[in-house]
Amino acid sequence: MISTASIPTPYDDAVQARFAALWPIVESRFAKLYGADARGPAVLERLKTNLLKAAHARPEPLRALDAARAADPAWLHAPGQTAYTFYVDRFAGDLNGVRGKLDYLTELGVRWLHPLPLLEPRPGDSDGGFAVADYRKVDPRLGTIDDLEALAGDLRQRDMGLILDVVCNHTAREHAWAAKARAGDPAYRDYYIVLPDAQSAAARDRELIDVFPDTAPGSFTYDAAMGGYVWTTFYPFQWDLNYANPAVFAEMLEVLIFLAAKGAQGFRLDSAPFLWKQAGTTCRNLPQTYEIVEAWRAALSIVAPGVVLLAEAIESVEDVLPFFGGEESGCNLAYNNVVMTALWAALADGDAVIARRCLAVAARKPAQGAWLNYVRCHDDLIWNALAAYAPASDLRRWSNAYGNGEGFSRGRAFQTAEGGVPSTNGMAAALAGLTADADGDCLGARRLRLLYGIIHALDGWPLIYMGDEIGLDNDEAYQDDPLRAGDGRWLHRPQMDWSLAERRGEAGALQADLFATFARLGQRARRLATLGVAGPARPVEVSSPAVLAFLRDEGARPFLCVANVSDAPQDFELPPAFAQGAEDVLDGAPSPAGAVSLPPYGITWLVAR
Ligand code: GLC
């Protein structure tokens, strides 16, 4: 029984009700994961105390946000919750710089900010901040925890939210836990996974799929202080945590709770598929991994129910869907990586057949979760993620088209695991074949607008990658920086070009055209909400392979998006519900009669009258 004697009113009831509903979920997942572990009961007890303390200490403005979201559970699915992702230093120098750019982001219609990792990294190469040395401090180059809280507060004032990256699969080799482990503390040694000799490491390596086969081959790194081979799925300085240890499960949850109290409204769970390891498997997407995430969700909901969890799982849809959990608990959002990749593939071929197949699979998402729809992010474009939906010859053709200059793109090939095809690096503009001096009507600009037009029409949240709104180009300069030269993904992590952004006000400039398009897409998507558009995007069968059409018809009014993924004009005959009159939501054009004609890479959004 929990003592409520010291708990302040008037919040007791709400916290107690959430605790009563959700703690059994935490307990049940915990029992499955750690039932046999003698350390389990003490960890669970500590967790319970800390959760309740944090729930009662939750600051008033954050409680208000929780309450508003709880009162309107459908809020997650409202169209037009545009998110924007960026590296803090490359966008605006530091956190206070970001605070100074909120007018720009508001003008663009952004509702959610997702800065890439900003917690204190290891010194030197930190894989873009994905090697965290301290989860409770901000990278001093970017600011302080107070600055982070201030940014979160500014955002709340504007009805915007902050999503933080939580690198939960691994810590930096320099993290205090690793330091204690290396100093011989057995409790902390068990925070990591150490194999005794090269032979056993090699045996496990044969079961695993390399993430960085060229720059960080293998998944184990010899460490003399640890007296063995430490599990390092990514770079040698990123030490995988041992989630078979209940203390690790609790530590990372407490990190989420700490950051939620600072005003974070969401967390991106980095490398989510890798959490649980088990001999004889690839150690990706194991059932225990999903259970960990479900338990975290339930626990976080006791403290901060309005905070969302985003799964970073760049896997097949079948492996991503369980991250949404059952009806009771799971991530709220997951990257729609399969559809994203298939859209680029469609542009390469001028053929949307695979993209339709991927849309149909993505529509199997459970209703409680939402897709995060995107065109580009800070990582490479992973063609192998489409292996379940397209033959290897297709994957190779797309990889060549985008990475080897065999198509319109100026992307570049990136490393790949044995048996796979090379991934592709490059900014969206470069992949689409767009240069900064082009005019807004060129094919490259049309391709970029088309992709963003589609992701704003799908169900879920649209995500803009920093600079795409002004067609920002590749950054070749990374090759001159010894800390970045070794990782080709820096090609698409440029500095924001604010002088280019200024041109958004210049009539006729490419940047003006693109920025206005992006802003309009967000507005129009929000209008879909007021028109009562809802439900998953389901592909419509069309005879021309160049047309991608999808219907969302579970709301008050059916919605149809028709996109031409080719450079030749296409006609599309409207289904009966739209043929009798439809509103063109995107361009406000007169109601089409019976059919729509789409120019090269054209797109239209229609709501039935
Ligand atoms: C995720 C990140 C990627 C990083 C990796 C290791 O996939 O998106 O940038 O290299 O995790 O943390």
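This structure is a prediction, so every number in the text was calculated from the model and none was measured.

About the cut-offs
Residues numbered from 1 in each chain as written. Predicted model: local features only at pLDDT ≥ 70, side-chain atom pairs only at ≥ 80, totals over all residues. Heavy atoms only, no water. Helix = DSSP H or I, 4+ residues; strand = E, 2+ residues; numbered from the N terminus. Contact = heavy atoms within 4.5 Å. Core = buried A, V, L, I, M, F, W, Y, C linked by side-chain atoms within 4.5 Å. Buried < 20%, exposed > 50% of the residue type's maximum accessible area, 1.4 Å probe, protein only. UniProt positions renumbered as here; feature names shortened; annotations may be inferred. Salt bridge = Lys/Arg side-chain N within 4 Å of Asp/Glu carboxyl O. Near = heavy atom within 4 Å. Polar contact = N/O pair within 3.5 Å; in protein donor to acceptor, adjacent residues only side chain to side chain. Areas by Shrake-Rupley, 256 points an atom, 1.4 Å probe, with all protein chains shown as cover. 1 Å grid on protein atoms, 1.4 Å probe; cavity = no way out; pocket = protein on both sides within 12 Å on 5 of 7 lines; lining within 4 Å. Sits in = over half its atoms within 2 Å of the grid points. Nonpolar A, V, L, I, M, F, W, Y, C, P; charged D, E, K, R; others polar. Domains from an automatic or database assignment. Pairing = 2+ DSSP bridges.

We now examine the environment of Arg-156. Mapped onto the elements of the fold, Arg-156 is located in helix α7 (residues 145-157). For Arg-156 and Val-338, which are 182 residues apart along the polypeptide, the C-alpha to C-alpha distance reads 32 Å. Here Arg-156 is in contact with Pro-61, Leu-62, Gly-263 and Gln-265, once residues within four sequence places are set aside.

Turning our attention to the nonpolar core. Ranked by internal contacts, the top residues of the largest apolar core, which has 190 residues, are Tyr-84, Phe-267, Trp-296, Trp-344 and Trp-605. Ranked by the residues each element gives to this core, the list is headed by helix α11 (residues 246-261), at 11 residues. In terms of nonpolar packing, the next biggest core, distinct from the first, is built from 14 residues, Val-540, Val-542, Phe-578 and Ala-608 among them.

UniProt's entry tags residues 85-508 with the feature "domain: Glycosyl hydrolase family 13 catalytic" (unreviewed entry), counted in the numbering of this structure. In the segment residues 85-508, helix accounts for 34% and strand for 15%; the C-alpha atoms at its two ends are 27 Å apart.

This part is about the pattern of salt bridges. In total, this model carries 41 salt bridges according to the counting rule given. Two residues, Arg-268 and Glu-312, come together in a salt bridge whose shortest N-O distance is 3.5 Å. Taken together, the residues span a long stretch of sequence, with Arg-268 in strand β11 (residues 266-269) and Glu-312 in the loop between β12 (308-311) and α13 (317-320) at a distance of 44 residues. The exposure class of Arg-268 is buried, given its relative accessible area of 1%. Among the salt bridges present, the one from Glu-476 reaches Arg-412, with a minimum N-O distance of 2.7 Å. Of this pair, Glu-476 sits in the loop between β17 (461-465) and α19 (498-502) while Arg-412 sits in strand β15 (residues 412-414), and the two are 64 residues apart along the sequence. A residue is classified by how much of its surface remains accessible, and Glu-476, at 37% relative accessible area, is partly exposed. The exposure class of Arg-412 is partly exposed, given its relative accessible area of 31%. Within the structure, one salt-bridge network assembled from shared partners comprises Asp-127, Asp-379, Asp-487, Arg-489 and Arg-493.

Right, let's talk about the site of the ligand for a bit. Around the ligand sit 13 residues in total, of which Asp-127, Arg-268, Asp-270, His-378 and Asp-379 are the nearest. A distance of 2.9 Å is found between an oxygen atom of the ligand and a side-chain nitrogen or oxygen belonging to Asp-270. Here the ligand loses 94% of its free accessible area of 310 Å² to cover by the protein chains. Among the cavities detected, the one that contains the ligand is the largest pocket. Split into classes, the residues belonging to the shell around the ligand amount to 3 nonpolar, 4 polar and 6 charged. No fewer than three residues from each of domain 1 (74-174 + 240-293 + 308-319 + 326-530) and domain 2 (176-239) sit in the shell around the ligand.

The element strand β24 (residues 603-608) is extensively covered by neighbouring structure, given that 6 of its 6 residues are classed as buried. Going residue by residue along β24, you find Ile-603, Trp-605 and Val-607 tucked away on one face and Thr-604, Leu-606 and Ala-608 tucked away on the opposite face as well. Note that strand β20 (residues 559-564) and β24 share 5 bridges and pair antiparallel. If you follow Phe-559 over to β24, its bridge partner there is Val-607. Across 3 bridges, the pairing between strand β22 (residues 582-584) and β24 is antiparallel. From the neighbouring strand, Ala-582 faces β24, where its bridge partner is Ala-608.

Here we take up the side chain of His-492. Within the secondary structure, His-492 is located in the loop between β17 and α19. For His-492, a relative accessible area of 0% gives the class buried. Within the structure, the side chain of His-492 is placed 3.2 Å from the backbone oxygen of Asp-379, a separation counted as a polar contact. Every residue in contact with His-492, bar those within four places of it in the chain, is listed here: Arg-376, Cys-377, His-378, Asp-379, Asp-380, Asn-425, Gly-426, Met-427 and Tyr-465.

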